[in-house]
Amino acid sequence: MVFDQTFLRELVSMKDEVGVVSLYTTADPREEPSTRPAWGIRLRNELSAMRDRVASWPDRDRRAAVLSRLEELEPDIRELVDAAATGIGRALFAAVTGGEVRKISLQVPIQDSAVLESTAYVRPLVTAMATSAPAGLVLVSRDGVRLIDYRFGVAEDVARTAFDLDTENWRQMRGPGPGGTTQTDSTQVDRYQRRIDDHLRRFLQGVAPEVSHRATALSWTDVLLIGDAALTEILASALHPMKVVQVDTIVDALPAPEVAEHVAAELVATRERRDAALVARVQDEALSGGKGVLGLNQTLSLLNDGRVDHLLLDENGRWSGTRGADGYLYFDQTPQSMAVEHEPDLGERMIEAALDSSALVTVLGAEAAQPLAPHNGVAALLRW
């Protein structure tokens, strides 16, 4: 399953007037195997609270439909909380009135929750995806270049190009140098090594188009060049203007998951810098009258008009507002005389509206979002 913006748009298209059940749980791999793991108990408690809320509904038919559907989903729920099942972050989505039950799993944590709304609840998933977005780990060594795709907690080798240099017919560089002058063996060996280094430089420059192609095809948001600094610098120069991060460490002999673990801190820092740069760009655009906007009211207005190209939200932000009869979202500028209904989770509705209009959504970590604190933790880049 490919987790991307298209997948998220398909998910938010799940709509049911009676309700869509959205369940999230995070399996703790450190916990001892058990028939009733703690994380499973937490989800069961969330489900019990959902049943209690539904039982208080005055509409008997709707109440019966939801409770009956939860009973039907019980085998899927048991699978979701099965300690032997795969995946750390797990989710289930099902419309009350029937149809497909969608189940997904990631190798990263997802915030535990059980939600019943008219659409699939996606904010925990969007947040998890933002913190583990696709990245390319490019291992550079004198043996060649190895590409690892790392997304949502899973690291896999995708390509390897060996540096195979046939030196069998090269003249042995030892003894006197040209013209009969006396040179030491070490000087001749140095010349031999420089010749190899020259071929290696051309090899690394030649492999740059393949790295660039993979980065585009696999939608890498970050690219780390890992290896001896002198070698990664050659490849970084050849990849210009692609933005890459050089990591001076030798891990090319490790399996892909161990490579990802070894550079985890550098990858987190890279993502934080990328998000901070995105926030700075929005601020510059907004303050210069360009294609940027800061603040909840302003962003909602432009989101309602379909002008938002990239929505930015603070991961810790919680917003409530209203939804008008026109379907638009409002914070505190509801048009007079318009009938509105309370919207307790404006953050989820903003994500849905952005995805419905094919806009990108980025949930920002606390540090990157800090400059947006005076603006309700909300900002956007605009289409026009």
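The structure we're discussing is the one just above.
The structure reproduced in this document is the subject of the present report. (Residues numbered from 1 in each chain as written. Predicted model: local features only at pLDDT ≥ 70, side-chain atom pairs only at ≥ 80, totals over all residues. Heavy atoms only, no water.)

Turning our attention to the layout of surface pockets. Unoccupied space between atoms shows up once a probe the size of one water molecule is rolled over them. Estimated volume of the largest pocket: approximately 670 Å³. Forming the boundary of the largest pocket are 26 residues, of which Gln5, Thr221, Leu360, Val361 and Thr362 lie nearest the centre. Those elements that place two or more of their residues in the lining of the largest pocket are α1 (5-12), α5 (123-130), α9 (264-287), β11 (308-314) and β15 (360-364). The residue inventory of the lining of the largest pocket, partitioned by class, reads 15 nonpolar, 5 polar and 6 charged. Reported here for the second largest pocket is a volume of approximately 520 Å³. Those elements that place two or more of their residues in the lining of the second largest pocket are β4 (113-119), α10 (296-304), β14 (340-343) and α11 (346-356). When grouped by side-chain class, the residues that make up the lining of the second largest pocket number 7 nonpolar, 5 polar and 10 charged. (1 Å grid on protein atoms, 1.4 Å probe; cavity = no way out; pocket = protein on both sides within 12 Å on 5 of 7 lines; lining within 4 Å. Points joined across faces, edges and corners; volume = space filled by probe spheres on them. Helix = DSSP H or I, 4+ residues; strand = E, 2+ residues; numbered from the N terminus. Nonpolar A, V, L, I, M, F, W, Y, C, P; charged D, E, K, R; others polar.)

Take the sheet that holds β11 next. A sheet is described by the order of its strands in space; here 4 strands give the open sequence β10-β16-β11-β15, paired in mixed fashion. The open sheet is flanked by β10 (292-294) and β15, the only strands paired with a single partner. Each neighbouring strand pair of the sheet contributes to a mean axis angle of 15 degrees, computed without reference to strand direction. Packing against the sheet, α11 makes contact with β11, β15 and β16 (378-382), and its axis sits at approximately 155 degrees to β11. (Pairing = 2+ DSSP bridges. Axes fitted to C-alpha atoms, helices over the stretch in contact; angles between N-to-C directions. Contact = heavy atoms within 4.5 Å.)

Moving on: the pairing of β16. The buried fraction of β16 is high, at 5 of 5 residues. Where burial is concerned, the two faces of β16 agree: the one with Val378, Ala380 and Leu382 and the one with Ala379 and Leu381 are both buried. With 3 bridges joining them, β10 and β16 adopt antiparallel strand pairing. Bridge pairing in β16 links Val293 to Ala380. For β11 and β16, the ladder comprises 5 bridges, and the chain directions are antiparallel. Among the inter-strand pairings, Leu312 is bridged to a residue of β16, identified as Ala379. (Buried < 20%, exposed > 50% of the residue type's maximum accessible area, 1.4 Å probe, protein only.)

Moving on, we get to α1. By the burial criterion, the buried members of α1 are Phe7, Leu8, Leu11 and Val12. Seen along its axis, α1 keeps its buried residues to an arc of 130 degrees; they face one direction. Taken together, the buried residues of α1 touch β1 (15-26), β2 (89-95), β3 (101-106), β4, α5 and α11. Between the side-chain oxygen of the N-cap and the backbone nitrogen of Thr6 there are 3.2 Å, and the N-cap of α1 in question is Asp4. (Arc of directions from axis to C-beta. Polar contact = N/O pair within 3.5 Å; in protein donor to acceptor, adjacent residues only side chain to side chain.)

Next up on the list: the packing of α1 against α5. Think of two packed helices as two axes; the pair is described by the angle between the axes and how far apart they sit. Closest axis-to-axis distance for the α1/α5 pair is 11 Å, and the angle between their directions is 175 degrees. In terms of orientation, α1 lies roughly antiparallel with respect to α5. Here Phe7, Leu8 and Leu11 of α1 come into contact with α5, specifically with Leu125, Val126 and Met129. (Parallel < 35°, antiparallel > 145°, perpendicular 65-115°, else oblique.)

What follows is about the pattern of salt bridges. As enumerated under the stated definition, the model contains 18 salt bridges in all. The salt bridge involving Arg44 is made with Glu74; its shortest N-O contact spans 2.6 Å. Taken as a pair, Arg44 in helix α2 (residues 38-55) and Glu74 in helix α4 (residues 74-80) lie far apart in primary sequence, 30 residues in all. Assessed through its relative accessible area of 27%, Arg44 is described here as partly exposed. Residue Glu74 is classed as buried on the basis of its relative accessible area, which comes to 15%. A salt bridge links Arg349 to Glu343; its shortest N-O distance comes to 3.1 Å. Taking the relative accessible area as the measure of exposure, Arg349 reaches 8% and is therefore buried. (Salt bridge = Lys/Arg side-chain N within 4 Å of Asp/Glu carboxyl O.)

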